[in-house]
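# Inside the fold
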Amino acid sequence: MNKATRKAIIAGNWKMNKTATEAKELISQLIPAVKQADCEVVICTPFTSLCTAVELCRGTNIHVGAENVHFEKSGAYTGEISADMLVDLGVEYVIVGHSERRQYFAETDETVNKRAKAALAAGLKVIVCVGESLAQREQGVTEELVRMQTKIALQDVSAEEMQRVVIAYEPVWAIGTGRTATSEQAQEVCAAIRKVLGELYGQAVAEATTVQYGGSMNAGNADELLEKPDVDGGLIGGASLKADAFGAIVAAASK
Ligand code: 13P
């Protein structure tokens, strides 16, 4: 982390976990667990828990995000949620392009870009996920792949809008597998992402943009990952569902 030039952000991605009733319970435990944080704390919850989360987190240091957003403003898109709907609820962040959306819901680099632009236009902060599969890592194309995903996701996103963009590097092989990238691997790719940001927007924007690592990050490995200069925080799946584990990661980012 380099807190002198950019914000450290620990964000929980709850994925398809917790009913609204369960969310209430978890958030009531999270509030005291992260209240001393010296980093930004975000929880991204299922749509059904957003109202509860916004209400309970008001006046605390926890920011609330959604896990996806549709790119159209409104219309005949049964089952979808627009950026304006999220903003109206008081939601501040949204994740786009998570590998699970790419893998199971036909998300492409182009639709990730459309979602990012729609979310930014509505005033949301966007966490853009990029990352390679195990096969791609073994083929030696990690850097090219992540560069391409980043460039396409950010097409027509302005330097000014970049103030509301976070990039999350999430190697697919490390998600939910208990197999974390080494801190060197995380650093290498986060630095490569910052390099692309520099090419696209110049050094100042690259230095100011938060680049997170995600993939089996937990209380035990957070310190080592966050020690790396280009790893500015984490996007946390499993460990964000337990207040003590999430609190410990937030504490690691608060050092
Ligand atoms: P895990 O922390 O469960 O590996 O999930 C990471 C992730 O996908 C966060 O978006």
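In this text, all values refer to a predicted model and were calculated from it rather than measured experimentally.

What follows concerns helix α8 (residues 183–201). With 19 residues, α8 ought to run about 27 Å at 1.5 Å a step, and its terminal C-alpha atoms sit 26 Å apart, in line with that. Where α8 ends, the next residue or the one after it, G202, has phi of about 95 degrees, a positive value.

On to unusual backbone geometry, then. Glycine aside, the phi torsion of most residues is negative, and most peptide linkages are trans. If you check the backbone angles, K18 has positive phi at about 80 degrees while not being a glycine. Structurally, K18 is set in the loop between β1 (9–13) and α1 (20–34). Residue classification places K18 among the partly exposed positions, given a relative accessible area of 30%. Positive phi, close to 55 degrees, is recorded for A106, a residue that is not glycine.

For the coordinates displayed, the defined rule picks out two aromatic pairs. Measuring from centroid to centroid gives 6.4 Å for Y104 and F105, while their planes differ by 85 degrees, and the two rings are edge-to-face. Of note, R101 hangs over the ring of F105, and the distance from its end group to the ring centre comes to 4.1 Å.

As a general feature of sheets, a regular strand has side chains that alternate between the two faces. Across the five residues of strand β3 (residues 62–66), four count as buried, placing the element largely inside the fold. The sheet contact formed by strand β2 (residues 40–44) and β3 spans four bridges and is parallel. Note on β3: the bridge partner recorded for I43 is V64. Two elements, β3 and strand β4 (residues 93–96), share two bridges in a ladder whose sense is parallel.

About the criteria used
- Residues numbered from 1 in each chain as written.
- Predicted model: local features only at pLDDT ≥ 70, side-chain atom pairs only at ≥ 80, totals over all residues.
- Heavy atoms only, no water.
- Helix = DSSP H or I, 4+ residues; strand = E, 2+ residues; numbered from the N terminus.
- Expected span 1.5 Å × (residues − 1).
- Buried < 20%, exposed > 50% of the residue type's maximum accessible area, 1.4 Å probe, protein only.
- Phe/Tyr/Trp six-rings, centres within 6.5 Å; stacked < 30°, edge-to-face > 60°.
- Lys NZ or Arg CZ within 6 Å of the ring centre and 35° of its normal.
- Pairing = 2+ DSSP bridges.

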